[in-house]
Amino acid sequence: MALYNLPEFLTHIAPGARLLGLDPGSKRIGVALSDVNRSVASPYTTLTRARMKQNAAELAAIVAREGVGGLIVGLPLDDGQKLGPRAQAARDWAHGIGEATGLPVAMVDESYSTAETHERLISAGVSRARRAEIVDKLAAAEILQRALDQMRA
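Residues numbered from 1 in each chain as written. Predicted model: local features only at pLDDT ≥ 70, side-chain atom pairs only at ≥ 80, totals over all residues. Heavy atoms only, no water.

Novice: Go over the overall build of the chain, please, and point to the residues and values.
Specialist: Looking only at helices and strands, the chain has 5 helices and 6 strands in total. The N-to-C order of helical and strand elements in the chain reads β-α-β-β-β-α-β-α-β-α-α. A compact globule built from 153 residues should have a C-alpha radius of gyration of about 15 Å, and the chain, at 14 Å, falls within 12% of that. Counting only C-alpha atoms and orienting by the principal axes, one finds that the chain spans roughly 40 × 35 × 30 Å. Residues classed as buried in the chain amount to 44% of the 153 residues present. Contacts in the chain between residues far apart in sequence, at least 24 positions, make up 66% of those at least 6 positions apart. When the accessible surface of the chain is summed, it comes to about 7,700 Å², and 53% of that surface belongs to carbon and sulfur atoms. Averaged over its 18 positive side-chain charges, the chain has a centre that lies 5 Å from the centre of its 17 negative ones. (Helix = DSSP H or I, 4+ residues; strand = E, 2+ residues; numbered from the N terminus. Rg over C-alpha atoms; globule rule 2.2 N^0.38 Å. Buried < 20%, exposed > 50% of the residue type's maximum accessible area, 1.4 Å probe, protein only. Contact = heavy atoms within 4.5 Å. Areas by Shrake-Rupley, 256 points an atom, 1.4 Å probe, with all protein chains shown as cover. Lys, Arg positive; Asp, Glu negative; His and termini not counted. Charge placed at Lys NZ, Arg CZ, Asp CG, Glu CD.)

Novice: Quick one: what's the story with the pairing of strand S3 (residues 28-34), residue by residue and with numbers?
Specialist: Where burial is concerned, most of S3 is hidden: 6 out of the 7 residues are buried. Two elements, strand S2 (residues 18-24) and S3, share 5 bridges in a ladder whose sense is antiparallel. Paired with Leu-20 across the bridge in S3 is Leu-33. Hairpin connection, S2 to S3: the antiparallel pair is bridged by 3 residues. For S3 and strand S4 (residues 41-48), the ladder comprises 7 bridges, and the chain directions are antiparallel. (Pairing = 2+ DSSP bridges.)

Novice: A description of the nonpolar core should follow, citing residues and the corresponding values.
Specialist: Of all hydrophobic cores here, the largest spans 23 residues; its most connected members are Leu-20, Leu-22, Val-31, Leu-59, Leu-71, Val-73 and Trp-93. Ranked by residues supplied to this core, first place goes to helix H3 (residues 85-101) with 5 residues. In this view, Val-31 contacts Leu-20, Gly-21, Leu-22, Pro-43, Tyr-44, Thr-45, Leu-47, Leu-59, Ile-62, Lys-137 and Ala-140; residues no more than four positions away in its chain are not counted. Counting 18 residues, the second largest nonpolar core, distinct from the first, contains Tyr-4, Leu-19, Ala-41 and Ala-147. (Core = buried A, V, L, I, M, F, W, Y, C linked by side-chain atoms within 4.5 Å.)

As structure tokens, then:
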């Protein structure tokens, strides 16, 4: 399964199919879901990072349950907007998850999405324990919302 840019990606998505946003970290994978109109991203869940086969099975269950037609994966570019080791690892993972699920995949720059989400939660007075529970799926929603906004532009 190839990685697509957003305009190409859209040509592979059926009308009314939702999109899944993924923020793959070293320990957890944040998951967000779009509405059927692909205008709003909502936090969905957090998965524990495991072997590709296990995470693909967990995602396939979500895909089937929610009518998902494609995946948006965060790409952590470095400060110079270049592909560093983290970005290459995310690309490799995106290729693998696309192959495992059979879904088209697009990647969007996720620079600072997790850090910005942490800062917003701290500003809102959210406890450290609660932040740990929700930050990954909120970051995934931020990534997916960026993609949805770019698709509409």
